[in-house]
Amino acid sequence: MRILFAGTPSTAATVLEGLISSGHEIVTVLTREDAPVGRKKTLKQSPVADVAASHGLRTIKTSKLTPDVLDEIKASKVELAVVVAYGVILRQDALDAIPNGWFNLHFSVLPRWRGAAPVQHAISAGDTQTGVTLFKIDSGLDTGEVIGVAETVIEPEENSGELLQHLSSIGLTLLNQELPKLYAGTHKLNQQSGQESFAPKIQRADAKVNFSKSSKEIENLIRAMNPEPMAWCLFAGEPMRIIRARSINHGVELSQGEVALVDQKVLVGTGSEQHLEMLEVQPASKNAMSARAWINGHSGKVVLD
């Protein structure tokens, strides 16, 4: 069956590469437009576009499915679409443009964490299990009927980048399992069931650490925001990223946000009896460094906000 693949980031590129290697007939790729990156704002195409180019696939770069784009999609005679983190909401005219429909690989077990950032919200909330869901897209927000689900655990120290890589892998396995059924018309569609929750797009303000929260909540936030946009706090009025940290028990008394080097550990007081041990940080205008190297460069009382 002739497939349109729609996706943008590296996780989607991994799935696209896997589908091509598995022999699926990808004839058209839909991805977001080239975007400026780095301090020089150099235009760079998406990871999905890179994979498409390496295989000589027809590629449409757009963030808006205009009538002209839909005409181009129809002209390619695709029969089915696979969507992985494309980043564009599909209107009904787009849904109607492909005969057998659009099928989204979503990185949660729906209806939990509907929306743009399911992995970050799952880790931040302290979830210990998640998965991927393949569903048929309808006019709602991740509300379509389910084709298949694959579940997995969230490891205690796993961050969002690591979990996304893992979910991409099991998502590819799920697609290879379910796509032949779609081709043959033997697939089953099931209504979503369970308690719904929502995962809106992460804003930079969402990544700011609040030291009045428990150390475990802060650890989860730091894992969730890595690698994007990275958890941060204020030190001496300047933003500082906290890249890695963990919640530990220690007898020393520290006020919220107060930092101390104790037993060669960089500890921060929180809103719980436990402390946050900072492992890796990135101060403003500097490279990432160990928390030990950072604290050794400061004397006197150190407080984070």
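Residues numbered from 1 in each chain as written. Predicted model: local features only at pLDDT ≥ 70, side-chain atom pairs only at ≥ 80, totals over all residues. Heavy atoms only, no water.

## Some words on the pattern of salt bridges
- Evaluated as defined, the whole model comprises 10 salt bridges.
- The salt bridge partner of R112 is D127, with a shortest N-O separation of 2.9 Å. Within this pair, whereas R112 is found in the loop between strand 7 (102-106) and helix 5 (118-124), its partner D127 is found in the loop between helix 5 and strand 8 (129-136), the two being separated by 15 residues in sequence.
- Across the pair E277 and R246 runs a salt bridge whose closest N-O atoms are separated by 2.9 Å. Here E277 is found in strand 14 (residues 275-282), whereas its partner R246 is found in strand 11 (residues 238-248), with 31 residues between them in sequence. (Salt bridge = Lys/Arg side-chain N within 4 Å of Asp/Glu carboxyl O. Helix = DSSP H or I, 4+ residues; strand = E, 2+ residues; numbered from the N terminus.)

## Re unusual backbone geometry
- Each neighbour pair has its own omega, and for L110 with P111 the value is 15°, a cis peptide bond.
- Its location among the elements puts P111 in the loop between strand 7 and helix 5.
- The omega angle of the peptide bond from E228 to P229 is 5°, so this bond is cis rather than trans.
- If you trace the backbone, P229 turns up in the loop between helix 7 (215-224) and strand 10 (232-235).
- One non-glycine residue, Q264, lies in positive phi territory at about 65°.
- The backbone phi angle of S285 is positive, close to 65°, even though this residue is not glycine.
- Here S285 lies in the loop between strand 14 and strand 15 (289-290).

## Section: the sheet that holds strand 5 (residues 58-61)
- Pairing is mixed across the open sheet formed by seven strands, whose spatial order is 5-2-1-6-7-8-9. Each end of this open sheet is capped by a strand with a single partner; those strands are strand 5 and strand 9 (146-153). In this sheet, neighbouring strand axes are inclined to one another by 15° on average, regardless of whether the strands run parallel or antiparallel.
- In this sheet, strand 6 (residues 80-84) lies alongside strand 1 (residues 3-7) in parallel orientation, the contact comprising five bridges. Paired with I3 across the two strands is L80, which belongs to strand 6.
- Helix 1 (residues 10-21) contacts strand 1, strand 2 (26-31), strand 6 and strand 7 of the sheet and is inclined by roughly 160° relative to strand 1. (Pairing = 2+ DSSP bridges. Axes fitted to C-alpha atoms, helices over the stretch in contact; angles between N-to-C directions. Contact = heavy atoms within 4.5 Å.)

## What about the packing of aromatic side chains?
- Evaluated as defined, the whole model comprises one aromatic pair.
- Where F235 meets W294, the ring centres are 5.2 Å apart and the plane angle is 80°; that geometry is what we call edge-to-face. Of this pair, F235 sits in strand 10 while W294 is found in helix 8 (residues 291-295), placing the two residues 59 residues apart along the sequence.
- What makes F235 buried here is its relative accessible area of 17%.
- Taking NZ or CZ as reference, R204 lies 4.0 Å from the ring centre of W232, over its face.
- The ring of W232 carries the charged tip of K208 above its face, separated from the ring centre by 5.6 Å. (Phe/Tyr/Trp six-rings, centres within 6.5 Å; stacked < 30°, edge-to-face > 60°. Buried < 20%, exposed > 50% of the residue type's maximum accessible area, 1.4 Å probe, protein only. Lys NZ or Arg CZ within 6 Å of the ring centre and 35° of its normal.)

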